[in-house]
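Letter by letter, the chains look like this.
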Amino acid sequence: MQVNNVNLRISAVRPDQYPKDGFPEVAFAGRSNVGKSSLTNVLINRRNYARTSSQPGKTQTLNFYDIESKLFFVDVPGYGYAKVSQKEREKWARMIETYFSERQPLRGVVTLVDARHEPTKLDKQMVDFLHYYDLPLLVVGTKVDKVPKSRRNRCVSQIRKGLALRQADQVVLFSAVDKTGKDDVWAWIEKQTGV
Ligand code: GTP
Ligand code: MG
């Protein structure tokens, strides 16, 4: 999809704040610093729309971006940032649990993991949780420009195995630097949302 118009519609915490337009939506989840904002910026052809890493772990809201008034991208706050208090963590867990379990227009979740490393325990927990709710899943392995081409197939197997992915779950390796994988991520989003 060619994107020219993007608007941050709302930073929501509670369901009564979620938009009611009825557009289909896709959520983006992943640990703090994994490259979520960078992926979103590439998808919408902006250099710095979604803010990249100024204050990791600070955004504790669900940010709904209106894409061409056809769909929403929902930026889910990153997990695993060490300096976040236990209380903040619990608040986060309640917020995302409510969102993933109740949100009707949600058509799928893009889960980001760092392609260079084994998925973490928290990455696995997130995927288990999304499987529990039977949400269509695309796993994006980020920063693949740092992985030699000859090792990339191994990355995919490592991700599939480490996260115990199901057959229907897709994996795309992505780089915000050279835009590897951009078209594949868009193709998945278009298929899920029908835009
Ligand atoms: P938070 O919002 O803090 O949770 O982080 P985020 O997941 O949005 O990550 P962000 O996009 O801000 O990227 C974190 C760091 O990784 C930045 O320094 C980016 O420049 C870098 N980065 C992101 N994507 C890539 C990539 O594909 N390749 C390389 N080499 N670096 C990347
Ligand atoms: Mg970010």
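Residues numbered from 1 in each chain as written. Chains lettered and ligands numbered in written order. Predicted model: local features only at pLDDT ≥ 70, side-chain atom pairs only at ≥ 80, totals over all residues.

Colleague: A description of the overall build of the protein should follow, citing residues and the corresponding values.
Modeller: A count of helical and extended segments in the protein gives five helices and seven strands. The order of helices and strands in the protein, counted from the N terminus, is β-β-α-β-β-α-β-α-β-α-β-α. On C-alpha atoms alone, the protein measures out to a radius of gyration of 16 Å, which is about the 16 Å that the 2.2 N^0.38 rule sets for 195 residues. Judged by the C-alpha coordinates and their principal axes, the protein covers about 45 × 40 × 35 Å. At a minimum sequence separation of 6, the contacts of the protein that also span at least 24 residues come to 75%. (Helix = DSSP H or I, 4+ residues; strand = E, 2+ residues; numbered from the N terminus. Rg over C-alpha atoms; globule rule 2.2 N^0.38 Å. Contact = placed C-beta atoms within 7 Å.)

Colleague: Describe in detail the pairing of strand β5 (residues 106-114), supporting the description with residues and values.
Modeller: With nine of nine residues buried, β5 is to be regarded as a mostly interior element. Sheet topology note: the strand β2 (residues 25-30)/β5 ladder contains six bridges and is parallel. Looking at the pairing, phenylalanine 28 lines up with valine 110 of β5. Here six bridges tie β5 to strand β6 (residues 137-142), and the two strands are oriented parallel to one another. When the sheet's bridge partners are listed, threonine 111 is paired in β6 with valine 139. Between the parallel pair β5 and β6, the chain is carried across by helix α3 (residues 121-132), and the sense of this crossover is right-handed. (Buried ≥ 20, exposed ≤ 12 C-beta atoms within 10 Å, placed from the backbone. Pairing = 2+ DSSP bridges. Right-handed = clockwise from strand over helix to strand, strands pointing away.)

Colleague: Can you explain the site of ligand 1? Please cite residues and give values.
Modeller: Residues in contact with ligand 1 amount to 19 residues; listed here are only the nearest, Gly35, Lys36, Ser37, Ser38 and Gly78. For the shell around ligand 1, the leading source of residues is helix α1 (residues 36-43), giving three residues. Taken together, the residues that form the shell around ligand 1 break down as four nonpolar, 11 polar and four charged. (Near = placed C-beta within 6 Å. Nonpolar A, V, L, I, M, F, W, Y, C, P; charged D, E, K, R; others polar.)

Colleague: Can you lay out the sheet that holds strand β3 (residues 62-67) for me, pointing to particular residues and giving the numbers?
Modeller: The strands that make up a sheet are held in pairs by hydrogen bonds between backbone atoms, and each pair lies either parallel or antiparallel. Pairing in this open sheet of seven strands is mixed, and the strands run β1-β3-β4-β2-β5-β6-β7 from one edge to the other. Strands with a single pairing partner mark the edges of an open sheet, and in this sheet they are β1 (6-12) and β7 (170-173). Direction aside, the axes of adjacent strands within the sheet are offset by 25 degrees on average. Strands in contact with helix α4 (residues 152-162) are β5, β6 and β7; relative to β7, the strand with the most contacts, it is inclined by about 140 degrees. (Axes fitted to C-alpha atoms, helices over the stretch in contact; angles between N-to-C directions.)

Colleague: Can you explain the pairing of strand β4 (residues 71-75)? Please cite residues and give values.
Modeller: Summarising burial for β4: five of the five residues are buried, a large majority. Alternating positions in β4 separate into two faces, Leu71, Phe73 and Asp75 on one and Phe72 and Val74 on the other, with burial throughout. Summarising the sheet, β2 and β4 pair through four bridges and their orientation is parallel. Within β4, the residue paired with valine 26 across the bridge is phenylalanine 73.

Colleague: Summarise unusual backbone geometry; cite the residues concerned and give the values.
Modeller: Even without glycine at this site, asparagine 33 takes up a positive phi of about 80 degrees. Looking at where asparagine 33 falls in the secondary structure, it is placed in the loop between β2 and α1. Look at serine 69: it is not a glycine, yet its phi comes out positive at around 50 degrees. Along the chain, the position of serine 69 falls in the loop between β3 and β4.

Colleague: Residues and numbers for the nonpolar core, please.
Modeller: Ranked by size, the top nonpolar core spans 39 residues in total, and within it Ala27, Phe28, Leu39, Val74, Val139 and Val140 carry the most contacts. Listed by contribution, the elements that provide at least two residues to this core are β2, α1, β3, β4, β5, α3, β6 and β7. No other element matches β5, which puts five residues into this core. (Core = buried A, V, L, I, M, F, W, Y, C linked by C-beta atoms within 7 Å.)

Colleague: Can you explain the environment of arginine 31? Please cite residues and give values.
Modeller: With respect to the helices and strands, arginine 31 occurs in the loop between β2 and α1. C-alpha separation for the pair arginine 31 and methionine 126, spaced 95 residues apart in sequence, amounts to 9.5 Å. The contacts of arginine 31, once residues within four sequence positions are left out, are Gly78, Tyr79, Gly80, Thr120, Leu122 and Asp123.

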